[in-house]
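A closer look at the structure
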Amino acid sequence: MTRGGVRATRIALTLAETIDRSAFTKQWWLDRWCRWPLLPIAMAALFGVWCDAIWQPAWEFSAAALATSGLILTFLFCRHRTIAQSRPITILALTIVLVASLFAWRHHVSFEFQTTAASSSPTIDANVTNTLEHQPIIFRGVVDSVPRLKRTAFPNRVGATEDESSPYETILRIRMQSRRHELSFLETRGTAMVIIRGDCTHWQPGDGVEILGNESHVSGPSNPGQTDLRQWMSRERLDHIVYASTVRRAPADAIGQLDSVRLMGLRLFASFSRSGRHVLLETVGTEHGPLALALILGQRDLLQPDVRDRLLVTGTAHLLSVSGLHLAIVLGLVRLITSLLDCSQTAQIIGMLAIGIFYVALTGGRPPVIRAAVLIATLLLAWWVGRVNQPVNSLSLAAIVLAWLMPGEVFSIGILLSFVAVATLLTTSPQNPRGKTAAALAISLESRFDEIELQSRGRWYRWASWCSRGVIASLWLSCSVTAMTLPLVWHQFHVVSWISVFVNVILSALMIAALTTGIATVVIGWLTGGVIASFATVPATLCRWTLQTMDQILIVFENMSYGHVWLPSPPTVWIVAFYLGVLAIVALTHREKRRFWFIGWLALWTSIGVVMATRVSPLPAGTLEATFVDVGHGTAVIMRTKPDAVWLYDCGSMGNATGRRRDIEETLWSMGVTRLHTVCLSHADADHFNGLPSLARRFRIDQVVTPPGMLSETEPALDMIRQTINRYHLPVKTASCTEFTDELIPSEVSVIHPPAQRLVGSDNANSIVMRIDHGGRSFILPGDLEPPGTESVLNQDRPLPGGVLMAPHHGSTRMRADEVLQWARPAWTIVSGGRRAAQPKVREMLSSAGGRVAITARQGAIRVRMDADGNLDVRSWKDDPW
């Protein structure tokens, strides 16, 4: 036992004895402990997980606190029962310490196991290096989960095979058993996420496979505001990410003993999952089938990005998460069938519990559906034994179960939103008469007389009154949930949607209809084995019509002016302050007055949050700032001459078929930016413009600048740019070396290429080349400049020496880049590129003139500041974050 454990227990006992002296406080705590005994246990469990995740103490500390509190509790109950009965607050404090220590130890052991597994093999440490190059890897293992089918983010490639040109890719979770080292396979441990192009869902859990591919090195965030993928891998217990070129069956003697019971169950669920996906896509259709998959089976990977954004801005993203409503509909259908079959109450409850467990496993056992399953299971058990169900205790039990099963997920956004929404519904829903005051009971009795008086009215009047009350109650619940989840949604997704209050009420009936018909479609497909799909035509058609109606309603509300707003997120501490304020209102104010206190607190918190979130990061006076965002093989340069004068040079990346550039958006949001004065598209290559649709949706753009004739080209990739410009009514201006003046661009910025008359050559040759003279130095942005455009630029006046040059064509060693370097004579050359730009020969070529080189692929986002005196400050996000 360590001194830390003894000291912690002593402090807890002293605090408990101090609290114990207050009769009012003691009675207040006892009343709530007796009513909700699991609530303090759940809070202690979450606190223990949070402490271990944040502070990461040694496991001996948790073990010492656990042993100490356990021994004291045992001693009090066994030898001094009178003390235990007279000091219940002391017992509660010791119980909280015991539970917190237990769950802290559970969290620590859960992640310690992963670290041990990842470092158990010397071959892994010897072969994985901290480089950007993908490491070739060959290993054998066992498929350890249900395969996932998702849309690929990469467009079709010319000359690709059938699998490589597929719009899908499959994700397999492999439990590694051996790894190729030189000419033999050595035993290893670990878990790998394998990504392979094409539909490979025929691989089932328990299949022994041999993987040939490239292992991707996962480093920390490369841009400001970006999520750390290493934390996600830690939560998922993944040690490797492998992009596979070949997946084949491993030799039978190469796979060790398997956990046959567990894998047999996974194979069963994988078979049902694949069959359900096939039935829904075939009967509902490819247009609305992915949304049906997300609603019914929780398979969200096939959704289009525009559908995801539509659900997000309308506040209906919860439709993508299988939760309590889904489970309630499934169990409602089971109860209806068992009632028609005249089954006993016990048989009905057992049937609902069995089907509920099966549905939870089928949908992947995600945290929201597990939470819903625990709530419904406790309700069914209370009904079975004839006891009154306490929703707070049920919700606390769900938190305890999740904290034990998934300690790394309890603070994920999905779980937090799920619990906040359910807790809000429990708090704002009508209360039972039990426990009400005399005044509340009198009001309830008076409302009963109103109901009796209503019965004397006409049928249509009663129906209209019932509907109006239902709509008002639904609007109140929807408004309450929206208000309580607003800080979390704003912080995680950067969107504030108040239109969701109405959308959720309108879609509630349609969602129930879509779920019911969709579940019926899947069940019929299972029962017929997928052979007689015509049996599922009727429910599938109804499901498709319902989803189509829902989609049309969402489109209307998505395009509604001022229905939502995209904003940078407020600081995390401000999010915590909101919920602490809510807890204070609930604990310190009377129930009848809470609504007014909450509305005032919400208005005050939101006003301050908007000011904090939209405060643009400071910029010293007279300073030119350029931030090169790490977008892989592409370009995005955020330029600022004043704190609120922000413009963008290019906004794209190769392989971005979805049109979404989260890296650019997150960098802008981290700077507090909500408005772009100008977006300059240097030329008609997709890796320089394909992020514009997403940026136009999330930021205000005052104008778009293009080279002459760019938007009149017939390249199909430009269609989405033309559609975006028309949809958001973006003014377009043409930039050439002969004519370009604009009040939104600083006067020190000049365009030195291309000419007004396009050169004969590629789009690269007609790239916009910008020159910015500032502080006695020059800043050059050449796009993908190549001959014959290179000759045109070299014939211009030489820029001021000792400045900054963005390497043409992402640091390509061809296209006469060395001549541009000699012409510009920069002190720094910045390369915006992917793995190809990280090759040593690129740095050697660009540094041959004596200047320094920075590469986004190696160093992450690069920020260049040039003050009025010409002093340069160059920092990289990975090496020296700002």
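As a reminder, the structure under discussion sits directly above these lines.
Counting starts from 1 at the beginning of each chain's written sequence and moves along it residue by residue. Where totals are concerned, whole chains, interfaces and linings use all residues; where local detail is concerned, this predicted model gives features only for residues with pLDDT of at least 70, and gives and counts side-chain atom pairs only at 80 or more. To get the side-chain values, all heavy atoms of the structure are used, and hydrogens and water are removed first.

Here's the deal with the packing of aromatic side chains
Pairing of aromatic rings covers Phe, Tyr and Trp, the last counted by its six-membered ring, and requires centre-to-centre distances within 6.5 Å; plane angles under 30 degrees mean stacked, over 60 mean edge-to-face, and any other angle means tilted. Counted under the stated rule, the structure contains 14 aromatic pairs. Relative to Trp404, the ring of Phe103 has its centre 5.5 Å away and its plane inclined at 80°; by these criteria the two rings are edge-to-face. With Phe103 in helix α6 (residues 88-118) and Trp404 in helix α15 (residues 391-405), this residue pair connects regions lying 301 residues apart in the sequence. Exposure is judged per residue with a 1.4 Å probe applied to protein chains only, and the accessible area is read against the type maximum: over 50% gives exposed, under 20% gives buried, and values in between give partly exposed. The exposure class assigned to Trp404 is partly exposed, which follows from its relative accessible area of 33%. Every member of this aromatic cluster is reached through a ring pair, and the members are Trp490, Trp574, Phe578, Tyr579, Phe598, Trp601 and Trp605. The helix count covers DSSP runs of H or I at least four residues long, the strand count covers runs of E at least two residues long, and both are numbered beginning at the N terminus.

Overview of unusual backbone geometry
In this structure, the amide linkage connecting His753 to the following residue, Pro754, adopts the cis form with an omega of 5°. Tracing the sequence through the fold places Pro754 in the loop between β18 (749-753) and β19 (769-774). Each neighbour pair has its own omega, and for Pro787 with Pro788 the value is 0°, a cis peptide bond. Topologically, Pro788 is positioned in the loop between β20 (777-781) and α26 (789-794). Even without being glycine, Tyr562 reaches a positive phi, approximately 60°. Along the polypeptide, Tyr562 turns up in the loop between α20 (537-558) and β9 (564-566).

Brief notes about the sheet that holds strand β12 (residues 645-653)
Strand order in the open sheet made by the eight strands is β17-β16-β14-β12-β11-β10-β24-β25, with mixed pairing throughout. At either margin of the open sheet sits one strand with a lone partner, and together these are β17 (732-734) and β25 (872-876). With direction set aside, neighbouring strand axes in the sheet form an average angle of 20°. Where β12 and strand β14 (residues 678-680) come together, three bridges link them in parallel fashion. Of the residues in β14, the one forming a bridge with Tyr649 is Cys680. The contact rule is simple, with two residues in contact once any of their heavy atoms fall within 4.5 Å. The axes used here are C-alpha line fits, helices contributing only the stretch in contact, and every angle between their N-to-C directions lies in the interval 0 to 180 degrees. Running at roughly 160° to β12, helix α23 (residues 662-670) makes contact with β10 (624-628), β11 (634-642) and β12 of the sheet. One bridge is not enough; two strands pair if DSSP finds at least two bridges between them.

Here we look at a nonpolar patch on the surface
A patch consists of residues whose relative accessible area exceeds 30% and which take part in no salt bridge; residues with like charges are grouped when within 9 Å of each other, and nonpolar side chains (Val, Leu, Ile, Met, Phe, Trp, Tyr) when within 5 Å. For the area figures, the Shrake-Rupley method with a 1.4 Å probe applies, and any residue is considered shielded solely by the protein chains shown. Any carboxyl oxygen of Asp or Glu that lies within 4 Å of a side-chain nitrogen of Lys or Arg is treated as forming a salt bridge with it. Nonpolar side chains collect at one region of the surface, where Phe47, Trp50, Ile54, Trp55 and Phe411 lie side by side and expose about 570 Å² of accessible area between them. We classify Phe411 as partly exposed; its relative accessible area is 39%.

Observations regarding the pattern of salt bridges
Per the counting criterion, the structure on display carries 27 salt bridges. Here Arg179 ties to Glu215 by a salt bridge, and the two come within 3.3 Å at their closest N and O atoms. In this pair, Arg179 sits in strand β3 (residues 168-181) while Glu215 sits in strand β6 (residues 208-216), placing the two residues 36 residues apart along the sequence. Each member of the pair, Arg179 together with Glu215, is buried. Three or more residues joined by partner-sharing salt bridges are found here, namely Asp306, Asp309, Arg310, Asp551, Glu558, Glu665, Arg697, Arg698 and Arg727.

Side note on the packing of helix α14 (residues 367-385) against α15
The axes of two packed helices give the description: the angle between them and the distance between them. Two numbers describe how α14 lies on α15: the axes approach to 9 Å, and their chain directions differ by 135°. Taken together, the axes of α14 and α15 are oblique relative to one another. When the axes of α14 and α15 are compared, the crossing they make is right-handed. For the pair formed by α14 and α15, the contact residues are Pro367, Ile370, Arg371, Val374, Leu375 and Thr378 on the first element and Pro391, Ser394, Leu395, Leu397, Ala398, Val401 and Leu402 on the second. When residues are sorted by character, Ala, Val, Leu, Ile, Met, Phe, Trp, Tyr, Cys and Pro go into the nonpolar class, Asp, Glu, Lys and Arg into the charged class, and all the rest, Gly among them, into the polar class. Class assignment for the residues of the contact of α14 with α15 results in ten nonpolar, two polar and one charged. Reported orientations rely on four angle classes, namely roughly parallel under 35 degrees, roughly antiparallel over 145, roughly perpendicular from 65 to 115, and oblique for the rest. Here a crossing is called left-handed whenever its near helix is offset anticlockwise from the far helix by less than a right angle, and right-handed whenever the offset is clockwise.

A closer look at the pairing of β19
Among the six residues of β19, five are classified as buried, and the element is accordingly described as predominantly covered. Sheet analysis places β18 next to β19, joined by four bridges and oriented antiparallel. From the neighbouring strand, Ser750 faces β19, where its bridge partner is Arg771. In this structure, β19 lies alongside β20, joined through five bridges in antiparallel fashion. Bridge pairing in β20 links His774 to Arg777.

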